[in-house]
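What the coordinates show
One letter stands for each residue in the lines below.
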Amino acid sequence: MNGFLFYDTTLLFINNDERPCNNWLRHKFQHYGLLHRIFNMMRNYGFEICNDMEVSKTIRKDHFAGVKGDLKFKASRYPKGFKVVFYQELVTVNSNGGYYDFDKFKKMPYLIKKQYILAVNKICSFLSEFAQNITKPDCRTAEDEIKYSYVQSCHHPEESMDFVLSELNGTTCGESYNNTDRDGKTIFNGDLKYFRDHKGYLNRGIVYHDLNNMWWVILNDTEIAKKANFQLFDISNKDIRKRMKKYINPESYIEKKQILSQCSLKELKNEIKRRLKNNEV
């Protein structure tokens, strides 16, 4: 079945019904017609649309550009689907323009955001008649993020997000090499486990199994982390509660070590004698 999704300000349509043929340059795919129907709808909404004059003439027939006030877009079609990217040029970071910026929606001024949302709603309403909307839902909580990953995974039985995550508490995955923590204890969904982050700080959270030996950790209402089973543990009196930062040798030490590794045995003996003489050892 065909599908479409939005991420940031990009629309991606995927044609799963037609296979690209050997003569795809001359073939008219179904989604080519859908794209032009979207263009006609957007022209009625006030957009001016034409072929993108910034691309090479040899591929220009498959590339398009549109503008309505300060809201712009670039579109391209190919045998497997098409893509439409909305952007603006008022608030930009990239020296090449807003099209090349990350977080395009976040950078949009308020009124341009409203224009974009209205255009997206019209496109989604139209495409829903021909394809499935596979856009990731707005997961506002940490639990929603985990439930969405369960629904997307073929390794979990959940087919929709209409379930309570805590109902999984007390269960675990089948393989012992994937569900034992640092100390060999079995990890169960809903357990409170500790781990250290990449900066050496101690963290804790409620864990739920993901895939293989990876576990989701709910840190708070909105934040999650993913950790391997051997990184999780129950806190004990033997564990250091403060930050455990990994020691990194200074560059001067590393350079001296490299120089000494290239010295001959005689040169090393002379170096040791020099250090003993100067009380450097």
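Residues numbered from 1 in each chain as written. Predicted model: local features only at pLDDT ≥ 70, side-chain atom pairs only at ≥ 80, totals over all residues. Heavy atoms only, no water.

On to helix H6 (residues 265-277). For H6, built from 13 residues, the straight-helix expectation of 18 Å at 1.5 Å per residue is met to within 8% by its first-to-last C-alpha distance of 19 Å. Residue Asn279 follows H6 closely and has a positive phi angle near 55°. (Helix = DSSP H or I, 4+ residues; strand = E, 2+ residues; numbered from the N terminus. Expected span 1.5 Å × (residues − 1).)

We now examine the layout of surface pockets. Approximately 400 Å³ is the volume found for the largest pocket. Phe6, Asp8, Tyr116, Thr135 and Lys136 are, among the 14 residues lining the largest pocket, the residues nearest its centre. Taken together, the elements giving at least two residues each to the lining of the largest pocket come down to strand S1 (3-7) and helix H3 (110-127). In terms of residues, the lining of the largest pocket owes the most to one element, H3, which gives 5 residues. The residue inventory of the lining of the largest pocket, partitioned by class, reads 8 nonpolar, 3 polar and 3 charged. (1 Å grid on protein atoms, 1.4 Å probe; cavity = no way out; pocket = protein on both sides within 12 Å on 5 of 7 lines; lining within 4 Å. Points joined across faces, edges and corners; volume = space filled by probe spheres on them. Nonpolar A, V, L, I, M, F, W, Y, C, P; charged D, E, K, R; others polar.)

Quick look at helix H1 (residues 30-44) now. An ideal rise of 1.5 Å per residue puts 21 Å on 15 residues; H1 measures up with 22 Å between its terminal C-alpha atoms. Every buried residue belonging to H1 is among His31, Tyr32, Leu34, Leu35, Ile38, Phe39 and Met42, and all of these are buried. Seen end-on, H1 carries its buried residues on one side only, within an arc spanning 160°. Along H1, the residues that are exposed and aim more than 90 degrees away from the buried face are Gln30 and Asn44. Just beyond H1, the residue with positive phi is Gly46, at close to 115°. (Buried < 20%, exposed > 50% of the residue type's maximum accessible area, 1.4 Å probe, protein only. Arc of directions from axis to C-beta.)

So, about the packing of aromatic side chains. Describing an aromatic ring pair means giving the distance of the ring centres and the angle of the ring planes. What the rule picks out here adds up to 15 aromatic pairs. Between the aromatic rings of Tyr45 and Phe47, the centroid separation amounts to 6.0 Å while the plane-to-plane angle is 40°, which identifies the pairing as tilted. Of the residues examined, Tyr45 reaches a relative accessible area of 16% and is grouped as buried. Judged by relative accessible area, which is 3%, Phe47 ranks as buried. Among the aromatic residues, ring-to-ring pairing joins Phe39, Tyr45, Phe47, Phe64, Phe73, Phe86, Phe105 and Tyr116 into one connected group. Just above the ring of Tyr99 sits the side chain of Lys104; from NZ or CZ to the centre is 5.9 Å. (Phe/Tyr/Trp six-rings, centres within 6.5 Å; stacked < 30°, edge-to-face > 60°. Lys NZ or Arg CZ within 6 Å of the ring centre and 35° of its normal.)

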